[in-house]
Amino acid sequence: MKKLTLLLPLVLFCFSSFAQDDEDDYKYERERSRDDEMRTLFGHDRSGGAYCVFTGGYSEIDNENAVLFGARFGWMTGHSFGAGFGATGFLNEYHYEPAIDMDVFLAGGYGGLYIEPVIMPKYPVHLSFPILFGAGGISYISRDNSDNNNLVEDSEAFLIIEPSAEIELNLTRYMRFAVGASYRAPTSFDVGLSDVPGVRASSIRGMSYSISLKFGRF
């Protein structure tokens, strides 16, 4: 009886010690899991996978105001590296060309493969650096104001690389908003009419500024 009386407190002590260790281990795993969560402006969550991006932007093309519109589709791995396909179209303002007595404008686009490193992706506000490697084309278009018809006078192709920098906001688990800037660097081309000074690659080389909405599993 005395032995049983002595053993009972010892058993209870050992049991309580093991229970405390299990609880500590559980708390540790829970905190570590929480640290790994994706942080958003409206809560915490975890994700990763396919995503798409829709972009609108502004630039100067051939010294005229221009609008840009584009999309990217890719796959995000490890929350911090994306890769896929992207494309951008552009259109600058009509402007009068006295040599042919008509309004003219430039239109075109480019696309290809892109990679997107992301810095500190689990924070609500972070940075990403998309880089596009691709090819595109540009057209010199005249506008007949009498009947509102557009005529493609000439077209040329080019290769291009476009590095970007974006500030991203994790709005929700499946949506991000980004503000960014990029630099277009095309290979040489000369597009236009024989009696009009040609439009060269320098006409589209330069900065552009954009806003983007991103949807998917990041």
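Here is what the cut-offs are and how they apply
- Residues numbered from 1 in each chain as written.
- Predicted model: local features only at pLDDT ≥ 70, side-chain atom pairs only at ≥ 80, totals over all residues.
- Heavy atoms only, no water.
- Helix = DSSP H or I, 4+ residues; strand = E, 2+ residues; numbered from the N terminus.
- Contact = heavy atoms within 4.5 Å.
- pLDDT = per-residue confidence, 0-100.
- Salt bridge = Lys/Arg side-chain N within 4 Å of Asp/Glu carboxyl O.
- Buried < 20%, exposed > 50% of the residue type's maximum accessible area, 1.4 Å probe, protein only.
- Polar contact = N/O pair within 3.5 Å; in protein donor to acceptor, adjacent residues only side chain to side chain.
- Patch = residues over 30% accessible without salt bridge, like charges linked within 9 Å, V, L, I, M, F, W, Y side chains within 5 Å.
- Areas by Shrake-Rupley, 256 points an atom, 1.4 Å probe, with all protein chains shown as cover.
- Pairing = 2+ DSSP bridges.

## A closer look at the environment of E93
Note on placement: E93 falls in the loop between β5 (81-92) and β6 (95-97). As a C-alpha pair, E93 and E60 span 33 residues in sequence and 9.6 Å in three-dimensional space. Not counting residues within four places of it along the chain, the set of residues in contact with E93 comprises E64, N65, V104 and F105.

## Side note on the confidence of the model for the chain
Of the residues in the chain, 78% have a pLDDT of 70 or more, and the chain-wide mean is 83. The model gives residues 1-19 a pLDDT under 50, and that stretch makes zero contacts with residues more than four places away or in other chains. Contacts from residues 25-29, a stretch scored under 50 in pLDDT, to residues over four places away or in other chains number zero contacts.

## Structural notes on the pattern of salt bridges
Throughout the structure, instances matching the rule amount to seven salt bridges. Between R200 and D190 there is a salt bridge, with its nearest N and O atoms 3.2 Å apart. Remark: D190 occurs in strand β12 (residues 190-191) and R200 occurs in strand β13 (residues 199-200); sequence separation between them is ten residues. Under the relative-accessibility criterion, D190 is labelled partly exposed at 35%. Through salt bridges that share partners, R72, E116, E166, E168, R176 and K214 make up one connected network.

## Details of the side chain of S182
Secondary-structure assignment places S182 in strand β11 (residues 175-186). Among the residues examined, S182 registers a relative accessible area of 9% and is labelled buried. At a separation of 2.8 Å, a polar atom in the side chain of S182 contacts the side chain of E162. Polar contacts involving the side chain of S182 include one to the side chain of S208, which spans 2.7 Å. In this structure S182 touches E162, P163, S164, G206, M207 and S208, once residues within four positions along its chain are discounted.

## Here's the deal with a nonpolar patch on the surface
A cluster of nonpolar side chains, contributed by I119, M120, Y123, V125, L127, F129 and I167, occupies part of the molecular surface with about 620 Å² of accessible area. Along the chain, V125 turns up in strand β8 (residues 125-128).

## Focus on the pairing of strand β10 (residues 149-172)
Bridging between β8 and β10 involves four bridges; their strand directions are antiparallel. Bridge pairing links L127 to I167 in β10. Where strand β9 (residues 131-144) hands over to β10, the hairpin turn is made up of four residues, of which N148 adopts a positive phi near 60°. Bridge count for β10 against β11 is ten bridges, and the pairing is antiparallel. Residue T172 lies in a different strand from β11, and its bridge partner there is M175. The hairpin formed by β10 and β11 contains two residues between the paired strands.

## Some details on the side chain of H126
By secondary structure assignment, the location of H126 is in strand β8. The class for H126 is buried, based on a relative accessible area of 2%. A polar contact is formed between the side chain of H126 and the backbone oxygen of Y123, at a distance of 3.0 Å. A polar contact of 2.6 Å, which involves the side chain of H126, links it to the side chain of E168. With residues up to four places along the chain from it excluded, the contact list for H126 reads V118, I119, M120, P121, E166, I167, E168, N170 and R176.

## As for the environment of L151
By the element assignment, L151 lies in strand β10. Along the primary structure L151 and I141 are separated by ten residues, whereas in three dimensions their C-alpha atoms are 5.5 Å apart. With residues near it in sequence (within four places) discarded, L151 still touches Y140, I141 and S142.

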